[in-house]
Structures are given as C-alpha cells and as structure tokens.
Amino acid sequence: MTAELAGQWTLVSGLSIFARVNAKPPSAPSTPIVLVHGQVISSLYMVPTAKLLAPVFRVFAPDLPGFGLSDKPASVLSVPQLADALGMWMEVNALDRAVLVGNSLGCQIAVDLAVRRPDLAGCLVLSGPTIDPHARSALIQIARWLADWPGERP
C-alpha cells in the first residue's frame, strides 16, 4: 500500500525550501522520517520510498537549498552549511528526533547534522555513503567504477 504525496513550501533564512510530504498524514502519532537526497539531484528520486513509508509515518523529502525546486543560495553550500539549512528547515517544521535517511551525499549531511544537533536526529539510516576520503582522485574513482560496472544492471 502506498500513499500520495503533496508539495510543501517553507521559508527558511530567506530561501523557499520545497519538500514532498504526506498528502494525508497517518492518524496515529509517529516518528517523522526525513529523506535526505544526494548531490546533483533532488528529493524526486526519494518519492517511491516516501510513498511506501507515508501510510505509517510522517514523511518529509526536502529539496535542499540549491537543488530541485528549492531556491538557490548566492553560493554553493558546503556539507556543514547544507546540514545547517536542513536543521533550520526541521526546526521551522517542528521535526524533533526525526529518523534521517541519507543517500550518497545526504549521508554526510545527515551525519553532520546529527553530530552537531542531536536534538533533531533520533537515528540515522545511511545508504550509499559517499567517497572514501583517502580515495578522492578521479583515477581511483574511475578504477573502482570499472571494477563495479560489470555487476551492475544498466
């Protein structure tokens, strides 16, 4: 069973932040789940997961500043700045002790937020954490991609 999602706009520090949320929140109180997308994409790819969780949980899939339908800041935000923006967005939406589900760069953002703002993060689910800090060169990443590629579906 899946549920429908609705768009929600929230003003945070002068930026309009878009999020996909339950169109009809569950009747019983539940822990909020915040889906944190990766780099170069928006929360749109989190929609299938959000729809599956929405019948039971309050689900929020924000487009971080500079991504998707959210406003673009004056400059590209660092991981700590994205975590700060996510934290401020959560405060405005009264989301305390949420489950943060991060994917790719969203893992770094979720961890950064949880370390500095444990009041906002009840727990973390990290899927596909980003690049090993000791293997950031393009050559190493290409070699790893080539090693993984034969086992991946197109």
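Scroll up a little and you will see the structure.
Here is a short report on the structure shown in this document. Fair warning: this is a prediction, and the values are worked out from it, not measured in the lab.

Conventions adopted
- Throughout, a residue's number is its position along its own chain's written sequence, starting from 1.
- Under the rules for a predicted model, residues below a pLDDT of 70 receive no local features and side-chain atom pairs below 80 are neither given nor counted, while totals for whole chains, interfaces and linings still include all residues.
- Where side-chain values are given, they derive from all heavy atoms of the structure, hydrogens and water being excluded.
- Throughout, nonpolar core names a set of buried Ala, Val, Leu, Ile, Met, Phe, Trp, Tyr and Cys residues whose side chains join them through atoms within 4.5 Å.
- Three labels apply to residues, based on accessible area from a 1.4 Å probe with only protein chains included: buried if under 20% of the type maximum, exposed if over 50%, partly exposed otherwise in between.
- Elements are defined by DSSP. Helices are runs of H or I of four residues or more, strands are runs of E of two residues or more, and each kind is numbered from the N terminus.
- Any pair of residues with heavy atoms lying within 4.5 Å of one another is described as a contacting pair.
- Multiply 1.5 Å by the residue count of a helix minus one, and that product is the helix's expected span.
- Within this analysis, patches are made of residues with over 30% relative accessible area and no salt bridge. Like charges are joined at 9 Å or less; nonpolar side chains (Val, Leu, Ile, Met, Phe, Trp, Tyr) at 5 Å or less.
- To be clear on the numbers: accessible area is Shrake-Rupley with a 1.4 Å probe, and residue cover counts the displayed protein chains and nothing else.
- Whenever a carboxyl oxygen of Asp or Glu lies within 4 Å of a side-chain nitrogen of Lys or Arg, that contact is scored as a salt bridge.

What follows deals with the nonpolar core. Counting residues in hydrophobic clusters, the biggest one holds 25 residues, and the most contacted among them are Val34, Leu86, Trp89, Met90 and Ile109. Sorting the residues of this core by element identifies β2 (15–22), β3 (32–36), α2 (79–92), β5 (98–103) and α3 (105–116) as the ones contributing at least two each. Other than its neighbours up to four places away in sequence, Ile109 contacts Val36, Leu64, Val79, Leu82, Ala83 and Leu86. Ala3, Leu5, Val47 and Ala50 belong to the second-largest nonpolar core, a separate cluster that totals 12 residues.

A separate point is α3. Across its 12 residues, α3 extends 17 Å between first and last C-alpha, which sits within 8% of the 16 Å expected from 1.5 Å per residue. What α3 keeps buried is the set Leu105, Gly106, Cys107, Ile109, Ala110, Asp112, Leu113 and Ala114. Close packing links the buried residues of α3 with β3, α2, β5 and β6 (121–127).

On the surface, Val111, Val115, Leu124 and Leu126 cluster together into a nonpolar patch covering about 310 Å² of accessible area. Secondary-structure elements contributing two or more residues to the nonpolar patch are α3 and β6. Relative to the elements of secondary structure, Leu124 occurs in strand β6. Given a relative accessible area of 33%, Leu124 falls into the partly exposed group.

This is a description of form; function is not addressed.
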